[in-house]
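# Fold and contact review
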Amino acid sequence: MPRRMEPNPRLILPFLAAIAGVAFLSLMDALMKDASLATGVYTASLLRSLIAAAMVAPFWLASGFVWPRGRVMRLHIERGCVSAAMALSFFYALTKLPIAEAIAISFVAPLLALYLAHWLLGERIARKAIWASVMGFAGTLVIISGRLGRSDFDEGVAWGLAALLVSALLYAYNFVVIRKQSQAAGPLEVATFHSGVAGLVQLLAAPFFFVMPDSAALQLITGSALLTVIASMGLAWAYARAEAQVLVPVEYTGFLWAALFGWLMFGEQVTATTLAGVAVIVIACLIAAPKARRRPRRATA
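Note that the structure is a prediction, hence the values are computed from the model and not measured.

### Some remarks on the overall build of the chain
The helix and strand tally for the chain stands at 13 helices and 2 strands. Within the chain, buried positions represent 51% of all 301 residues. Total accessible area computed for the chain in this model is approximately 14600 Å², and 68% of it derives from carbon and sulfur atoms.

Listed below in structure tokens is the structure:
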């Protein structure tokens, strides 16, 4: 008889941690859209990074830290710079497009990341990972065909789509950097330098673009910073224990969370084509879920 397939206990926890991290990031996106509309994209993004760094840095310092050097520091700087540009372009897109639509379009990033992981990290791309990514991407096309067809295409939407393309390209490369960074440093260190470097890079433009936020916007930004820290540590923990090709398809669940938070906070409706696309995405994630063959039981005396 063929052996039954069952979840691999060694990979299930990283898989679940990645799903939770994506959920927290989706909620963060919703809060950041609200804050960006209230106080501007630059101010919201800058303060989110600086506050997040201030939240996590004391825990890293208290953990008996060792200051990173050489290759590890270069990875921290690389990811921080990429994340700063990625965040600014994505949050700008959120101010021009519905959250769920923006998340759906950005799903091209995990598809690209699978192949970047192969080219830059030497990871072998499993056949089911390829099919899962193709299915996930097909699901996003279904969503886009329904939602963009109903949108009023103006200059703002065009700039939003252009910003999403830039963000998606940066996000795909970010997956590869996360994988290398998570294997070289612990989650607290990764979270500290991720937000800290991104904040310092953005701080260079403060004299030109910073606007003092009101108390309501500051609360939204602080909540976003907390979610960023939690998600960053969770994803760093997950990527240190599973290959990128296993975890990348989990990103497609972000649409489910984005649709929920977009509806709750901004009244964004979910259409039939959206639900059809989501169904394809969920199936893709189930296909990509890590499995392992069950070992035969030893005969008992």
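What follows continues from the structure just given.
### Observations concerning the nonpolar core
Grouped together as the largest cluster of nonpolar side chains are 63 residues, with contacts concentrated most on F90, F91, I103, L164, L247 and F255. Per element, the largest residue contribution to this core is 11 residues, and it comes from helix α1 (residues 9–39). Non-local contacts of L247, meaning those with residues more than four positions away in its chain, are made with P14, F15, A18, A238, Y239 and A242.

### Topic: the packing of aromatic side chains
Taken as a whole and judged by the stated rule, the model has 8 aromatic pairs. Taking 5.9 Å as the distance between ring centres and 50 degrees as the angle between the ring planes, the aromatic pair formed by W60 and W67 counts as tilted. Taking the relative accessible area as the measure of exposure, W60 reaches 5% and is therefore buried. Through a chain of ring-to-ring contacts, the aromatic side chains of W60, F65, W67 and F193 assemble into a single cluster. One Lys or Arg, K33, reaches over the ring of F266 and ends 5.0 Å from the middle of that ring.

### Focus: a nonpolar patch on the surface
Residues L260, W263, L264 and M265 make up a contiguous nonpolar surface patch of about 390 Å² in total accessible area. One can find L264 in helix α12 (residues 254–266). The class for L264 is exposed, based on a relative accessible area of 55%.

### Some remarks on the pattern of salt bridges
By the definition in use, this model includes 1 salt bridge. Between E268 and K33 there is a salt bridge, and its shortest N-O distance comes to 3.1 Å. Linking E268 in the loop between α12 and α13 (272–288) with K33 in helix α1, this pair joins segments that are 235 residues apart in sequence. Across this residue pair, the class does not change: E268 and K33 are buried.

### A word on the packing of helix α3 (residues 70–96) against helix α7 (residues 155–184)
The contact between α3 and α7 brings their axes to 7 Å, and the two run at 155 degrees. When the axes of α3 and α7 are compared, the pair comes out roughly antiparallel. As α3 runs across α7, the sense of the crossing is left-handed. Here the residues of the contact of α3 with α7 sort into 19 nonpolar, 8 polar and 5 charged.

### Topic: the confidence of the model for the chain
In this model, the chain carries an average pLDDT of 81, and 86% of its residues clear a pLDDT of 70 or more. Taken as a whole, residues 1–5 scores under 50 in pLDDT and shows 8 contacts with residues more than four places along the chain or in a different chain. Ignoring residues within four places in sequence, the model shows residues 292–301, a span with pLDDT below 50, making 10 contacts including any to other chains.

### Some points on the side chain of T228
As for its placement among the helices and strands, T228 is situated in helix α10 (residues 215–239). What makes T228 buried here is its relative accessible area of 4%. Non-local contacts of T228, meaning those with residues more than four positions away in its chain, are made with M28, R48, H194 and S195.

### Topic: the environment of Y171
Mapped onto the elements, Y171 comes out in helix α7. A sequence separation of 86 residues divides Y171 from A85, and the C-alpha atoms of the two residues are 9.8 Å apart. Not counting the four nearest positions on each side in its chain, Y171 is found in contact with M86, A109 and E251.

Rules used throughout
- Residues numbered from 1 in each chain as written.
- Predicted model: local features only at pLDDT ≥ 70, side-chain atom pairs only at ≥ 80, totals over all residues.
- Heavy atoms only, no water.
- Helix = DSSP H or I, 4+ residues; strand = E, 2+ residues; numbered from the N terminus.
- Buried < 20%, exposed > 50% of the residue type's maximum accessible area, 1.4 Å probe, protein only.
- Areas by Shrake-Rupley, 256 points an atom, 1.4 Å probe, with all protein chains shown as cover.
- Core = buried A, V, L, I, M, F, W, Y, C linked by side-chain atoms within 4.5 Å.
- Contact = heavy atoms within 4.5 Å.
- Phe/Tyr/Trp six-rings, centres within 6.5 Å; stacked < 30°, edge-to-face > 60°.
- Lys NZ or Arg CZ within 6 Å of the ring centre and 35° of its normal.
- Patch = residues over 30% accessible without salt bridge, like charges linked within 9 Å, V, L, I, M, F, W, Y side chains within 5 Å.
- Salt bridge = Lys/Arg side-chain N within 4 Å of Asp/Glu carboxyl O.
- Axes fitted to C-alpha atoms, helices over the stretch in contact; angles between N-to-C directions.
- Parallel < 35°, antiparallel > 145°, perpendicular 65-115°, else oblique.
- Left-handed = near helix turned anticlockwise from the far one by under 90°.
- Nonpolar A, V, L, I, M, F, W, Y, C, P; charged D, E, K, R; others polar.
- pLDDT = per-residue confidence, 0-100.

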